[in-house]
Amino acid sequence: MKTVLTSLERKHIHTEMPSWEFVDGIDAIHKNFLFKDFKEAFGFMAQVADIAEEMNHHPEWFNVWNRVEIRLSTHDSGGLTQLDISLAKRIDETYSSIKN
Ligand code: H2B
């Protein structure tokens, strides 16, 4: 099982991936993603679903029309691990490939 991140690794998230924010009271990070419409949002979710299956690491998420909120944490480890950082980076790449 993956070990939870050290405080130094958490500082790195803060400096290197500032768009991901720590969740109050829970050991998790989250980020909101905006799309032009539901179809674009759902296409993004489908791509992230494939990545999650490939990694066997899955997001908690909430979708309303053109907005997707994603929360990442490693349930088996009880908090943030490197798996969450890896998945967050791949989610950001997916979002960039859709929006750029
Ligand atoms: N996703 C996340 N985010 N955390 C986990 O601990 C986790 C997962 N565990 N996806 C995996 C699946 C585990 O439940 C299976 C049995 O490997």
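Everything below is about the structure printed above this text.
Reading the values: rules and limits
- Residues numbered from 1 in each chain as written.
- Predicted model: local features only at pLDDT ≥ 70, side-chain atom pairs only at ≥ 80, totals over all residues.
- Heavy atoms only, no water.
- Salt bridge = Lys/Arg side-chain N within 4 Å of Asp/Glu carboxyl O.
- Helix = DSSP H or I, 4+ residues; strand = E, 2+ residues; numbered from the N terminus.
- Buried < 20%, exposed > 50% of the residue type's maximum accessible area, 1.4 Å probe, protein only.
- 1 Å grid on protein atoms, 1.4 Å probe; cavity = no way out; pocket = protein on both sides within 12 Å on 5 of 7 lines; lining within 4 Å.
- Points joined across faces, edges and corners; volume = space filled by probe spheres on them.
- Nonpolar A, V, L, I, M, F, W, Y, C, P; charged D, E, K, R; others polar.
- Axes fitted to C-alpha atoms, helices over the stretch in contact; angles between N-to-C directions.
- Left-handed = near helix turned anticlockwise from the far one by under 90°.
- Contact = heavy atoms within 4.5 Å.
- Expected span 1.5 Å × (residues − 1).
- Arc of directions from axis to C-beta.
- Polar contact = N/O pair within 3.5 Å; in protein donor to acceptor, adjacent residues only side chain to side chain.

Novice: Can you help me understand the pattern of salt bridges in this one?
Specialist: Scanning the model with the defined rule gives 4 salt bridges in all. With a shortest N-O distance of 2.9 Å, Lys99 and Glu40 are connected by a salt bridge. Pair noted here: Lys99 is in helix 3 (residues 82-99) and Glu40 is in helix 2 (residues 38-55), with a separation of 59 residues, a long-range link. On the accessibility criterion, Lys99 (37% relative accessible area) is partly exposed.

Novice: Looking at this model, I keep getting lost on the layout of surface pockets. Mind explaining?
Specialist: Using a probe with the size of a water molecule, rolled over the atoms, empty space left in the structure can be pinpointed. The computed volume of the largest pocket comes to approximately 190 Å³. Considering the residues around the largest pocket, the lining is formed by Met1, Lys2, Asn56, His57, His58, Ser73, Thr74, His75, Asp76, Ser77 and Leu83. Tallied by class, residues from the lining of the largest pocket come to 2 nonpolar, 7 polar and 2 charged.

Novice: What is the right way to look at the packing of helix 2 against helix 3 in this model?
Specialist: In helix packing, the relevant descriptors are the interaxial angle and the interaxial distance, both defined with respect to the helix axes. Remark: helix 2 packs on helix 3, axes separated minimally by 10 Å, with the N-to-C direction vectors making an angle of 145°. Between helix 2 and helix 3 the crossing geometry is right-handed. In this structure, helix 2 uses Glu40, Phe44, Gln47, Val48, Ile51, Glu54 and Met55 to contact helix 3, whose residues at the interface are Leu83, Ser86, Leu87, Arg90, Ile91, Thr94, Tyr95, Ser97, Ile98 and Lys99. Across the contact of helix 2 with helix 3, the residue classes break down as 9 nonpolar, 4 polar and 4 charged.

Novice: It is not clear to me how helix 2 should be interpreted in this structure. Could you clarify?
Specialist: The α-helix winds at 3.6 residues per turn, so residues separated by three or four positions along the chain end up facing the same way. Taking 1.5 Å of rise per residue, 18 residues should cover 26 Å, and helix 2 covers 25 Å from first to last C-alpha, within 8% of that figure. All of the buried residues in helix 2 are Glu40, Ala41, Phe44, Met45, Val48, Ile51, Ala52 and Met55. The buried residues of helix 2 all sit within an arc of 135° when viewed along its axis, so they share a single face. Facing away from the buried side of helix 2 by over 90 degrees, the exposed positions are Lys39, Asp50, Glu53 and Glu54. The N-capping residue of helix 2, defined by a side-chain oxygen 3.3 Å from the backbone nitrogen of Lys39, is Asp37. Positioned one or two residues after helix 2, Asn56 has a phi angle of 50°, which is positive.

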